[in-house]
Amino acid sequence: MRSGTSPSVIAATALQPTLDHVPAQGAPDVPAQSAPDGADASHPAAGPTPTEAAVSNGVAVSNGVMVSNGVSVSPGVGTSNGVMISNGVAASNGVAASNGVAASNGVAASNGVAASNGTAKSNGTAVSRAATSPAGSVLSHVTVIPHGSAAQARVGSGSNGATGSNGTSGSDGTSGSNGTSGSNGTASPTVIHGSGSAVAASTGTVAAPVAPAAAAPPAVSGLAAVNAKIRAYVALMKLRVVELLLVTTVPVMMLADRGMPSLWLIAVTLVAGTLAAGSANTINCYVDRDIDQVMARTKRRPLVRATVTPTEALVFGIVIGIVSTLMFGLLVNWPSALLADGAIAFYVFVYTLGLKRRTPSNIVIGGAAGCFPVLIGWSAVTGTVGWSAVLLFAVVFFWTPPHFWALAMKFRDDYAAAGIPMLPVVAPVEVVTRRILGYSYAMVAASLALVPVAHTGPIYLVSAVVVGAWFLAEAHRIDRRTRRGGDPRPMRLFHMSITYLTLLFIAIAVTAVV
């Protein structure tokens, strides 16, 4: 408001239509006191308010206008605790506002929305230049908190007694607190910290919430860097999967030897077999790095987290594959080396590159790569592949689909998001559970066929019948639950399948030494 302009003129001309709907009330009598420095006590106004400048508890009255905490009130408007109310409506500079919301500079506001320089705000957004001091100083640099975020605000006030008060507004018209006085008309910009975001405003400018800056990862160097790289390479090999494959290798070696082979042979076979499986898994991670990053189950793999580069992973996979081949060929025999190379090639080229992204039969055919350890274990001892090894290959082959489909049922959304046509993604769950049941029967049948071929004896026979019946009961349960519309709880079958295979091959090992 320019100096010399009468508040009465503003009230009578610009804003009279706004006040038409507000019933007039008389203002309470204010005891006359001497005006403070900087307060204009001239030009007495008509009406029931005092004609002389008065101060009561820090509240100045000038020209019939009561000022409290830097907010002006036009004649006929009462005060309560420094808030100017008339029928629930606050007024400033003779301007009426609706819904109990203060207005400034001739702009009315409603629904808890303040205004600044004629610009309407919403959702409790704070404003600048919200009040005028008795000497005409304008408050500025009001800090804004979007949507009512809690904060501790400091608002710089103008000079000549203009006091900053409640300069920060929250949502729904709630005012902030902790106003402080400025000097010499200098306004202080303020930074608000509230609800995890930093917001700054100056001269009525609203700042959007800023997310807290992510902390930079700590620098890793020296021995720590080497250890981190080693752990990343080991993770690429998926040793938890390799562990299950090795469980099938040693019992088959014992069955082929009809006793306990040399510990040296077992050790070399296990190490070389681990490297072969690790090579296949590492190259699989290299090929699938694009889909691993969109699947929750695989998003922590080293290539997704960039702890190794794709080139490093590919080179590592090829190198350990070559080392595996040389270990088998030079320390065991070349048939075992060829079988190991066949397993790597089948897993990478047939399953990963050929089938995985193209057909729901991917795991049925591609799962054959996981059956090679029984052939390698048998050939490591005998140098050939016998019928007993073929039957054990069949056991693992028929075991793989129920095992993996149960896992794919759990992570169906992951595979769907990655565009992998696993059977649970492309077929109804009833179809999946029926196929699980069918492959389970084929698996148990292959395990029992080993009895006459390998002459395993009664210990293995009883064990195969018991664990086979246990697995079939669970396969029937998951199928029955699905047909009834219940939760199939597939992970129960998944974990049971691991236990089944372990117990069956332990029975083979016991049979070999008894």
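Definitions and cut-offs
- Residues numbered from 1 in each chain as written.
- Predicted model: local features only at pLDDT ≥ 70, side-chain atom pairs only at ≥ 80, totals over all residues.
- Heavy atoms only, no water.
- Axes fitted to C-alpha atoms, helices over the stretch in contact; angles between N-to-C directions.
- Helix = DSSP H or I, 4+ residues; strand = E, 2+ residues; numbered from the N terminus.
- Parallel < 35°, antiparallel > 145°, perpendicular 65-115°, else oblique.
- Left-handed = near helix turned anticlockwise from the far one by under 90°.
- Contact = heavy atoms within 4.5 Å.
- Patch = residues over 30% accessible without salt bridge, like charges linked within 9 Å, V, L, I, M, F, W, Y side chains within 5 Å.
- Areas by Shrake-Rupley, 256 points an atom, 1.4 Å probe, with all protein chains shown as cover.
- Salt bridge = Lys/Arg side-chain N within 4 Å of Asp/Glu carboxyl O.
- Lys, Arg positive; Asp, Glu negative; His and termini not counted.
- Charge placed at Lys NZ, Arg CZ, Asp CG, Glu CD.
- Buried < 20%, exposed > 50% of the residue type's maximum accessible area, 1.4 Å probe, protein only.
- Nonpolar A, V, L, I, M, F, W, Y, C, P; charged D, E, K, R; others polar.
- Phe/Tyr/Trp six-rings, centres within 6.5 Å; stacked < 30°, edge-to-face > 60°.
- Lys NZ or Arg CZ within 6 Å of the ring centre and 35° of its normal.

Draft legend 1. Expanded view of the packing of helix H12 (residues 387-410) against helix H17 (residues 490-513). One can describe the packing of H12 onto H17 by two numbers: an axis separation of 7 Å at closest approach and a directional angle of 160°. Judged by the angle between their axes, H12 and H17 are roughly antiparallel. Judged by the twist between their axes, the crossing of H12 over H17 is left-handed. Two secondary-structure elements touch here, H12 through Leu392, Val395, Val396, Trp399, Pro402, His403, Ala406, Leu407, Met409 and Lys410 and H17 through Pro490, Met491, Leu493, Phe494, Ser497, Ile498, Tyr500, Leu501, Leu504, Phe505 and Ile508.

Draft legend 2. Looking closely at a positive patch on the surface. On the surface, a cluster of positive charge is contributed by Arg480, Arg481, Arg484 and Arg489. Along the polypeptide, Arg484 turns up in the loop between helix H16 (458-483) and H17.

Draft legend 3. Up close: helix H11 (residues 372-382). With respect to burial, H11 is a largely interior element, nine of its 11 residues being buried. Next to the buried residues of H11 lie helix H4 (239-257), helix H5 (263-287), helix H8 (310-332), helix H9 (334-355), H12 and H17. Just downstream of H11 lies Gly383, where phi reads positive at about 80°.

Draft legend 4. Highlighting the packing of H11 against H12. One way to put it is that H11 packs onto H12 with a least axis distance of 8 Å and a crossing angle of 160°. Our classification of the angle between H11 and H12 gives roughly antiparallel. As for the relative orientation of H11 and H12, their crossing is right-handed in sense. Contacts between H11 and H12 pair Phe372, Val374, Leu375 and Trp378 from the former with Ser388, Ala389, Val390, Leu392, Phe393 and Val396 from the latter. Taken together, the residues of the contact of H11 with H12 break down into nine nonpolar, one polar and no charged.

Draft legend 5. Representation of the side chain of Asn281. Within the fold, Asn281 resides in helix H5. Take Asn281: its relative accessible area is 7%, and that puts it in the buried class. Apart from residues lying up to four places away in sequence, Asn281 is in contact with Leu236, Met237, Lys238, Val242 and Tyr347.

Draft legend 6. How the structure looks around unusual backbone geometry. In this model, Arg258 sits at a positive phi of 55°, which is unusual for a non-glycine residue. Residue placement: Arg258 occurs in the loop between H4 and H5. The exposure class assigned to Arg258 is partly exposed, which follows from its relative accessible area of 44%. You will see that Ala306, though not glycine, has its phi angle at about 60°, which is positive. Here Ala306 shows up in the loop between helix H7 (302-305) and H8. Residue classification places Ala306 among the exposed residues on the basis of a relative accessible area of 60%.

Draft legend 7. Structural detail: the packing of aromatic side chains. By the definition in use, this model includes nine aromatic pairs. Relative to Tyr439, the ring of Phe398 lies with its centre 6.3 Å away and its plane at 45°, an arrangement referred to as tilted. You can see Phe398 sitting in helix H12 and its partner Tyr439 sitting in helix H15 (residues 429-454), a full 41 residues away along the chain. Given the relative accessible area of 22%, Tyr439 is considered partly exposed. Note on Phe471 and Tyr500: the rings are 5.3 Å apart at their centroids and 50° apart in plane angle, and the pair reads as tilted. Pair noted here: Phe471 is in helix H16 and Tyr500 is in helix H17, with a separation of 29 residues, a long-range link. Judged by relative accessible area, which is 0%, Tyr500 ranks as buried. Grouped by ring-pair contacts, the aromatic residues Phe397, Phe398, Trp405 and Tyr439 constitute a single cluster. For the cation-ring pair, Arg289 lies above Tyr286, with the distance from its terminal atom to the ring centre recorded as 4.5 Å. In this structure, Arg297 packs its charged tip against the face of Phe411, placed 5.8 Å from the ring centre.

So, to be careful, I would describe these as geometric facts and stop short of saying anything about function.
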